[in-house]
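# Overview (structure and organization)
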There are 4 protein chains.
Amino acid sequence: MAVQTQGVWARYQPGPVPSADRYLEVRDDTESLAEPLSAEDQTVQTMPDVSPTKWHRAHTTWFWEEFVLGPNQPGFQPFHPEYRYLFNSYYESVGPRHSRPQRGLITRPGIAEIAAYRRRTDDIMCELLSSSRAADVAGIAELGLNHEQQHQELILMDIKHVLWCNPMRLTYRGETDARAGSARAAQWIHHPGGLVDIGHDGAGFAFDNEGPRHRELLQPFLIADRPVLCGEWLEFMMDGGYRRPELWMSDGWATVTQGEWSSPLYWTQGEGDGWSIFTLNGVRAVVPEEPVCHISWYEADAFARWTGARLPLEAEWETVHDTLPPAAQTHALRLHPRSVDGAGGSPGDVWEWTASPYSPYPGFHPAAGAVGEYNGKFMVNQFVLRGGACVTPPGHTRPTYRNFFPPSARWAFSGLRLARDA
Amino acid sequence: MAVQTQGVWARYQPGPVPSADRYLEVRDDTESLAEPLSAEDQTVQTMPDVSPTKWHRAHTTWFWEEFVLGPNQPGFQPFHPEYRYLFNSYYESVGPRHSRPQRGLITRPGIAEIAAYRRRTDDIMCELLSSSRAADVAGIAELGLNHEQQHQELILMDIKHVLWCNPMRLTYRGETDARAGSARAAQWIHHPGGLVDIGHDGAGFAFDNEGPRHRELLQPFLIADRPVLCGEWLEFMMDGGYRRPELWMSDGWATVTQGEWSSPLYWTQGEGDGWSIFTLNGVRAVVPEEPVCHISWYEADAFARWTGARLPLEAEWETVHDTLPPAAQTHALRLHPRSVDGAGGSPGDVWEWTASPYSPYPGFHPAAGAVGEYNGKFMVNQFVLRGGACVTPPGHTRPTYRNFFPPSARWAFSGLRLARDA
Amino acid sequence: MAVQTQGVWARYQPGPVPSADRYLEVRDDTESLAEPLSAEDQTVQTMPDVSPTKWHRAHTTWFWEEFVLGPNQPGFQPFHPEYRYLFNSYYESVGPRHSRPQRGLITRPGIAEIAAYRRRTDDIMCELLSSSRAADVAGIAELGLNHEQQHQELILMDIKHVLWCNPMRLTYRGETDARAGSARAAQWIHHPGGLVDIGHDGAGFAFDNEGPRHRELLQPFLIADRPVLCGEWLEFMMDGGYRRPELWMSDGWATVTQGEWSSPLYWTQGEGDGWSIFTLNGVRAVVPEEPVCHISWYEADAFARWTGARLPLEAEWETVHDTLPPAAQTHALRLHPRSVDGAGGSPGDVWEWTASPYSPYPGFHPAAGAVGEYNGKFMVNQFVLRGGACVTPPGHTRPTYRNFFPPSARWAFSGLRLARDA
Amino acid sequence: MAVQTQGVWARYQPGPVPSADRYLEVRDDTESLAEPLSAEDQTVQTMPDVSPTKWHRAHTTWFWEEFVLGPNQPGFQPFHPEYRYLFNSYYESVGPRHSRPQRGLITRPGIAEIAAYRRRTDDIMCELLSSSRAADVAGIAELGLNHEQQHQELILMDIKHVLWCNPMRLTYRGETDARAGSARAAQWIHHPGGLVDIGHDGAGFAFDNEGPRHRELLQPFLIADRPVLCGEWLEFMMDGGYRRPELWMSDGWATVTQGEWSSPLYWTQGEGDGWSIFTLNGVRAVVPEEPVCHISWYEADAFARWTGARLPLEAEWETVHDTLPPAAQTHALRLHPRSVDGAGGSPGDVWEWTASPYSPYPGFHPAAGAVGEYNGKFMVNQFVLRGGACVTPPGHTRPTYRNFFPPSARWAFSGLRLARDA
């Protein structure tokens, strides 16, 4: 999942029809995430990558109208004729749409109208899912639920940036997430390489970009048993990591220089008293034992070079996934309502950048029609991340899931894990 | 008043102390202007020139705190320590401030907190104005009221742009302002020129840039007895006015070309059925008999050249002001709550661009301290407008009032009147 | 004269027909200015305001073709059909033209072809000026000569910027222009104000923007008897002049901040050993007794505010011109081939910014046709400069001459003189 | 080779020491490419990607000074102390350098000084290569020769853009390259997939990015036996290829829209008479039978999708390379002086975009020191091209050579070949 790919497509055999109860559970999760936010909070867009919370709430609803109710519910009338224009994210086949960087200029519909829009859609959806026609929409409904969950993570990513841009450093939820912990040295896990099978095997839901399952040849490699921690990142910083061009890709160095980066996003330096970190729960000191987060691919790559290691390939990561031990620390309280707080563990603390550019698997073909636009058209200028983070819906942390962002992006909950040639 | 000059300074002898009743009347006018707007409407900034409604409501309140209560109310504590940073508009002497183009990124304080901020300030201000210390603040309080009224006009200018940027073409207030009317031919009023006295004579409130009163020498001239009408502007458009570089200043032609301008702001062309105009009361057909509005100085200048005339100097305008007859049509319902609807008249329908760059009058010196920053530091790259519009607070249409905007600005309610050499 | 106004128009009675000898003298001056420059030097454009030397040489030649030979020489064929497109500066009436910021992308014609272009045009022009038809072109030929002289100054302004942009800090001509000198305190000259006559009286050549001569009313004022010197400017710098927003116009402060200005253009600071200045003759130490040069209007205005004075109005400057004494120091060797080196004197050392926005005089009307585009269409967003500099052709330093540039420009040889209310 | 990678590194066993004769042959080739160009032609930079010809001539000379003579010639003094700053392309380890987009602002040294710089360096290099110390520099000298040859291709790519930007549509060399030809239908070559060995085997010179040789697993695939031709591209255009978003990557569609692309670079459409193409030999009609050239990766990818095929992986391309038949047509005269004109053949007509992002091969490690910056730091945001073009030095068309450019670049001589899953 990435900023442009909140839509996706299940390419494999559809599972059972989602029940109305399950539908409402997912829909209510979205609303519970927006609940702490005022009308003003939900309206603003602080950079082109960010979408307003109320836009997410409306766009996910539009998805049900456009792809499920419109084609399947006889006599269905959209809630409002203009919403198709306002809340289409990027589906060129569906027609013209509102410009992405201007989502934050839209004051109406407000949050009350969007709540009504959601309720009305939910009523009709529940009716459909409880009817004899439910089987016809099993596949697309499953997709709609997964799509909505992707936007739940985006809501948290995006609102974090919105709150950060206020000089008053606002808080999403009040409780602190600081916790004690002890760092342990990372261990290298060895893998002998050879032919491995990669990609989703078709059991249960997956997005189209997770397949087809296919065979790849790996060289022998080592991979760390935990992500890189903040304490290690501080060493990198103190060793001049952000000031030494020889550690960086050429494009990365240009990005660092132009953005005047000297730390991960959301870090600030006080006067003499070390580094602080802005979280959705407030500002607190950086904890050396927690995984570093909110770094770009450029930073991850430079850090790896500084250590003499490299980032893992996504196939390496997927291959060893089942043998990776849980981590001792988590970056933050589990923020997604379905997360199991405190479980900790690795992967799952932070999304982990890989060395793999985001490309189609051999034999990949997008679905026909508008849903085919979901993943394929973003397979350029991005890198794959694996794992999941404290804001990720639980089911989305499966080993084959391919998240992706441009190498300069760092508002996702992104960290890294080291690897090296054996 | 212009976008950068919501602060000003009365240079002449202070009048009587404003009463608490008068204070509340002005303050309530601001609130009544915001009343039709949702929290979302009040939060958004659609271009750097525009400020959010809730920012205007907070900034005008900050003005009372910073310039009246802070220096004059013993033991006064500001409502919130961060507001000084957030709601300072441009007073460098007061300290650092929030970047103007980022006013629309601020979600909190929300409108409820700002309403509380206003009420608390009003309580203390009324206490002060009813006390024996009231005389000490007579001058600065009068300034504060005029300052707040300037922002009332800005609220309407700015929200018009916000509503326009929504593809649903929102309405500020529902009633239509279309009205019948008959155009009469403009008549030339002759003035013999000679020595005239220009500027405010010191009776009643005026901003510092309206003085000192001084003598100027005018050449004989003619000036039209009404502003240019939409019907005349349509002729200009049909004659290729926006496509003929010989009619334009060089900078103006670059602006037209880059902005792809082919009509005034807020005009749209339907399919075959003529031009429509977006107003605060909705979209309706252009009425040929109403004064043209929302044009830049570049457009006003080009139109005048097309007719063989020119724009009047501000001294010419001021000299003949008392002899100008009322106009037959108004552009819009009077939108300011203190306006007398339907009065019509000229000047007062639209602000009128003059040929005068905005420069200091002979002998002008800004006041000392932060209030001295109000007008003087904007006396470059702008042109003077005279008159007033349907959104202007009534007292601000006095003959000596100098409004000003850059030559490319057109979100103000700006039109033009023709003049020529005699 | 300014960057956009290399074309102009004589509005008054034409004088005698320029002789072929005088024509060749002016044309040869242009060539002698280009002579120290290589083909590479003459090709480059270092910012949009700058034009390549070879473009100036070709454009001035195109002017003769377009406005003199084409209309007056029977059977005349242009040298090359594409040159009309390439070397038209800004005359919209003449047809489409090459984009100004792309003048530096044109490698051909090269300097050899342009030299041939000039020679061929000179041959035909001399034939025409020696013929019986010469009287028909007296006015436009006089204009052509003055136009070409304006470009001679531009060649020097522009090549100075080109040479400066090379990190090797190139030299236009080798000799040093450092000279000893003693500063004397500036004296205030008093003028009682009253009605004065301003503008060219029609005797001899003048550009259209110098007229009509007309009457203005002045207030009593004082004006300094010499320009501001570098030593005074250093005091301004040491007093934090470039770091104190209260001294600056709002737009000026934005310009200083964005451009990171901390001194005039072409000044550099060595390690511990004071300020150096880059001149066309090389780099040398700043001489405190020479007039400050290469400052913008914003800087001139801020300096005047810092001293408690102001800039003079252009009418004030013109009125006292004849009583201004010669200065003790000059900024540089006289660089124009017709300059009298070492004459010194004030005005004439540097162009002097005035407080007057560049506007038309009362009764000004541009000429008909393409030549009417020369001055009028630039009368916005600029300020008037008076005087002349070491690079100015001698005849162009007349008291009524109105030079003009935008307030942020500083690659002209621009300084300032102080004035104040009496 | 790509715009950022004119430096490279031979990682394998050095071959024999290059003789002085071979050295001079390569150096003279560079000079012969510059020979048709005037001083003005060699000075200009028309976009940031382009470097001036004289910069290429100087930079390749600096390479010999910096990496061969400086470390190996006792007592060596550089030709000029500033050249190290001016002519370093991107080697951060070597020190600060002149900003790339400002290479076109440097007028001096001119072409005469650069010719002297080259001759002096050649003299010392020939002395070194003929001496007993020659063996010490065998590896770096071989690299220097290959580096210089890469710049020979860049000289032709870059000057084509320079000449194109002149509205007079200049010609590099006069002869026409139009030729008759007959198109044959493309045939699919089948490959069964399986384990293949990829990368340079270490015999002869190769750049570091061509290794290490390693094993990869391929799926069965089909690949076309010739590149896509202009006639096929015209069909794509006529079928709305540049106007149908569903054919494009999301970033590609944004590029097409913003750049208003409707054809390959250097194509222009006359009035009613079809498409013309600008070549280094002049403008002529598009020949349907020649390979399409000057397209971006985005265009290649969209075209492949339009046909239902895809781009080949670079490993697929390399695997079948030896079985690809020669093509019937070539795009242009062979322009590199060592090219065999008219040979035709495939690959070699155009560089062919692949589906492979430019990433390091397994086990890749850059060399230590400045030469290690050559290839590794560009392995992001680029795609690999294989083959070679009419401007490519003959030895650089080897099957393992990895050229690379960003997906939006199209000033290289880039075309495409189709592939599909078997």
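This one's a predicted model, so the numbers in the text were calculated from it and none came from an experiment.

### Brief notes about the overall build of chain A
Assigned secondary structure in chain A consists of nine helices and 12 strands. A separation threshold of at least 6 residues defines the contact pool for chain A, and within that pool the share at least 24 residues apart is 80%. When the accessible surface of chain A is summed, it comes to about 14,400 Å², and 52% of that surface belongs to carbon and sulfur atoms.

### Notes on the relation of the copies chain B and chain A
Here chain B sits on chain A after a turn of 180° about the axis and a move of 0.1 Å along it, with an RMSD of 0.0 Å. One copy is carried onto the other by what is essentially a two-fold rotation axis. Taking C-alpha positions as the reference, the residue of chain B nearest the rotation axis is Glu40(B), at 2.7 Å. Both copies share a contact surface, since 100% of the interface residues of chain B are interface residues in chain A too.

### Some points on the domain arrangement of chain A
Domain boundaries in chain A define domain 1 (3-165) and domain 2 (188-421). Between the C-alpha centres of domain 1 of chain A and domain 2 of chain A there is a distance of 26 Å.

### Some remarks on the pairing of strand 9 (residues 383-387) of chain D
Residues and elements named next belong to chain D. Of all five residues in strand 9, five are buried; the element is thus mostly enclosed. The two faces of strand 9 match: Phe383, Leu385 and Gly387 on one face and Val384 and Arg386 on the other face are all buried. Relative to strand 9, strand 8 (residues 351-357) is paired through four bridges, and the arrangement is antiparallel. Note on strand 9: the bridge partner recorded for tryptophan 353 is leucine 385. Where strand 9 and strand 10 (residues 403-405) come together, three bridges link them in antiparallel fashion. The residue of strand 10 that forms the bridge with leucine 385 is asparagine 403.

### Looking at the interface of chain B and chain A
If you look at the interface, chain B gives 32 residues, while chain A gives 32 residues. Regarding the contact of chain B and chain A, the summed buried area is about 2,300 Å², with carbon and sulfur atoms giving 62% of it. Per-residue buried area on chain B facing chain A is highest for Glu40(B), Arg108(B) and Met168(B); these three make up 31% of the total on that side. Across the contact surface, chain B and chain A share two salt bridges. Linking Asp41(A) and Arg108(B) is a salt bridge whose minimum nitrogen-to-oxygen distance equals 2.7 Å. Between chain B and chain A we count 10 residue pairs in polar contact (both at pLDDT 80 or more) in total. In terms of residues, the side of chain B that touches chain A owes the most to one element, helix 3 (residues 83-87) of chain B, which gives three residues.

### A short note on the interface of chain C and chain B
On the side of chain B, 28 residues touch chain C, which itself brings 28 residues to the contact. Both faces considered, chain C and chain B share a buried interface measuring about 2,200 Å² in area, 60% of it formed by carbon and sulfur atoms. The tally of links between chain C and chain B comes to zero salt bridges. The interface formed by chain C and chain B holds six residue pairs in polar contact (both at pLDDT 80 or more) in total. Put simply, the parts of the chain that give the side of chain C that touches chain B at least two residues each are strand 3 (214-218), helix 7 (250-259) and helix 8 (297-307) of chain C. Classifying every residue of the side of chain C that touches chain B by side-chain character gives 15 nonpolar, seven polar and six charged.

### Here we look at helix 8 (residues 297-307) of chain A
Helical periodicity: at 3.6 residues per turn, an α-helix aligns residues three or four positions apart in one direction. Residues and elements named next belong to chain A. Counted residue by residue, helix 8 has eight buried out of 11 residues, so it is predominantly covered. All of the buried residues along helix 8 are Trp297, Tyr298, Glu299, Ala300, Asp301, Ala302, Phe303 and Ala304. Here the buried face of helix 8 lies against helix 6 (230-238), helix 7 (250-259), strand 8 (351-357), strand 9 (383-386) and strand 11 (414-416). Positive phi appears at glycine 308, one or two residues downstream of helix 8, with a value of about 85°.

### Observations regarding the relation of the copies chain C and chain B
Least-squares fitting of chain C to chain B yields an RMSD of 0.0 Å, with the transformation described by 0.0 Å of translation along the axis and a rotation of 180°. With an isologous cut-off of 70% or more, the 100% of interface residues of chain C that recur at the interface of chain B puts this contact in the isologous class.

### A closer look at the state of the cysteines
All names here are of chain A. Applying the stated criterion across every chain yields a total of zero disulfides over all chains. Cysteine 165 carries a free sulfur, and the closest cysteine sulfur to it, the one in cysteine 293, is 17 Å from it. Judged by relative accessible area, cysteine 165 falls into the partly exposed class, the value being 24%.

### What about the packing of helix 2 (residues 53-72) of chain B against helix 5 (residues 138-164) of chain B?
Residue and element names in this part refer to chain B. Interaxial distance between helix 2 and helix 5 falls to 9 Å at its minimum, and their mutual angle equals 170°. By the criterion of interaxial angle, the relationship of helix 2 to helix 5 is roughly antiparallel. Where helix 2 abuts helix 5, its residues Thr53, Trp55, His56, His59, Thr60, Phe63, Trp64, Phe67 and Val68 lie against Ile140, Ala141, Leu143, Gly144, Leu145, His147, Glu148, His151, Leu154, Ile155, Asp158 and Ile159.

### With respect to the environment of Val320(B)
Residues and elements named next belong to chain B. Counting through the fold element by element, valine 320 comes out in helix 9 (residues 314-320). Looking at valine 320, the relative accessible area reads 2%, which means it is buried. Separated by 62 residues in sequence, valine 320 and glutamine 258 have C-alpha atoms that sit 37 Å apart. Discounting chain neighbours no more than four positions away, the residues touching valine 320 are His191, Phe221 and Ile223.

### A few points about the sheet that holds strand 8 (residues 351-357) of chain B
All names here are of chain B. The strand order across the open sheet built from four strands is 10-9-8-11, with neighbouring strands paired in mixed fashion. Both edges of this open sheet fall to strand 10 (403-405) and strand 11 (414-416), since each of them pairs with a single strand only. Going from strand to strand, the sheet's axes swing by 50° on average, the running direction of each strand aside. In the sheet, strand 8 pairs with strand 9 (residues 383-386) via three bridges, with the strands oriented antiparallel. Bridge pairing in strand 9 links proline 357 to phenylalanine 383.

### A closer look at the pairing of strand 6 (residues 275-279) of chain C
Residues and elements named next belong to chain C. Counted residue by residue, strand 6 has four buried out of five residues, so it is predominantly covered. Following strand 5 (residues 267-269), the chain reverses through five residues before pairing antiparallel with strand 6; glycine 272 in that reversal takes a positive phi of roughly 80°. Between the antiparallel neighbours strand 6 and strand 7 (residues 282-285) lie two residues.

### Remarks on the confidence of the model for chain A
Residue and element names in this part refer to chain A. For chain A, per-residue confidence averages 88 on the pLDDT scale, and residues scoring 70 or more make up 88% of the total. Per-element averaging of pLDDT across chain A places strand 7 (residues 282-285) at the bottom with 88 and helix 4 (residues 111-129) at the top with 98. With pLDDT under 50 throughout, residues 1-12 is counted as low confidence; its partners more than four residues away or in other chains account for 66 contacts. Here residues 339-347 is modelled with pLDDT under 50, and outside its nearest four sequence neighbours on either side it reaches 31 contacts, counting other chains as well. Per the prediction output, this complex has pTM 0.92; the corresponding ipTM is 0.92.

### Some points on the pattern of salt bridges
On inspection of all chains with the given rule, the structure shows 92 salt bridges over all chains. Between Asp301(A) and Arg305(A) there is a salt bridge, with the nearest N and O atoms lying 3.0 Å from each other. Of the two residues, Asp301(A) and Arg305(A) are both situated in helix 8; the distance of four residues between them amounts to about one turn of the helix. Among the residues examined, Asp301(A) registers a relative accessible area of 10% and is labelled buried. Given the relative accessible area of 33%, Arg305(A) is considered partly exposed. Residue Asp122(C) pairs with Arg27(C) through a salt bridge whose shortest N-O separation is 2.6 Å. In this pair, Asp122(C) sits in helix 4 (residues 111-129) while Arg27(C) sits in helix 1 (residues 20-34), placing the two residues 95 residues apart along the sequence.

### Here we look at the sheet that holds strand 9 (residues 383-387) of chain C
One key point about sheets: their strands pair by backbone hydrogen bonds, in either a parallel or an antiparallel sense. Residues and elements named next belong to chain C. Taken in spatial order, the four strands of this open sheet run 10-9-8-11, and their pairing is mixed. With one partner strand each, in any of the chains shown, strand 10 (403-405) and strand 11 (414-416) form the two edges of the open sheet. Neighbouring strand axes in the sheet, compared pairwise and without regard to direction, differ in orientation by 50° on average. As paired strands, strand 8 (residues 351-357) and strand 11 are joined by three bridges and run parallel to one another. Within strand 11, the residue paired with tryptophan 353 across the bridge is leucine 416. Contacts from helix 8 reach strand 8, strand 9 and strand 11 within the one sheet, and its direction differs from that of strand 8 by about 85°.

How each quantity is defined
Residues numbered from 1 in each chain as written. Chains lettered and ligands numbered in written order. Predicted model: local features only at pLDDT ≥ 70, side-chain atom pairs only at ≥ 80, totals over all residues. Heavy atoms only, no water. Helix = DSSP H or I, 4+ residues; strand = E, 2+ residues; numbered from the N terminus. Contact = heavy atoms within 4.5 Å. Areas by Shrake-Rupley, 256 points an atom, 1.4 Å probe, with all protein chains shown as cover. Least-squares fit on C-alpha atoms with pLDDT ≥ 70 in both. Domains from an automatic or database assignment. Buried < 20%, exposed > 50% of the residue type's maximum accessible area, 1.4 Å probe, protein only. Pairing = 2+ DSSP bridges. Buried area = accessible area lost by both parts, 1.4 Å probe. Salt bridge = Lys/Arg side-chain N within 4 Å of Asp/Glu carboxyl O. Polar contact = N/O pair within 3.5 Å; in protein donor to acceptor, adjacent residues only side chain to side chain. Nonpolar A, V, L, I, M, F, W, Y, C, P; charged D, E, K, R; others polar. Disulfide = S-S within 2.5 Å. Axes fitted to C-alpha atoms, helices over the stretch in contact; angles between N-to-C directions. Parallel < 35°, antiparallel > 145°, perpendicular 65-115°, else oblique. pLDDT = per-residue confidence, 0-100.

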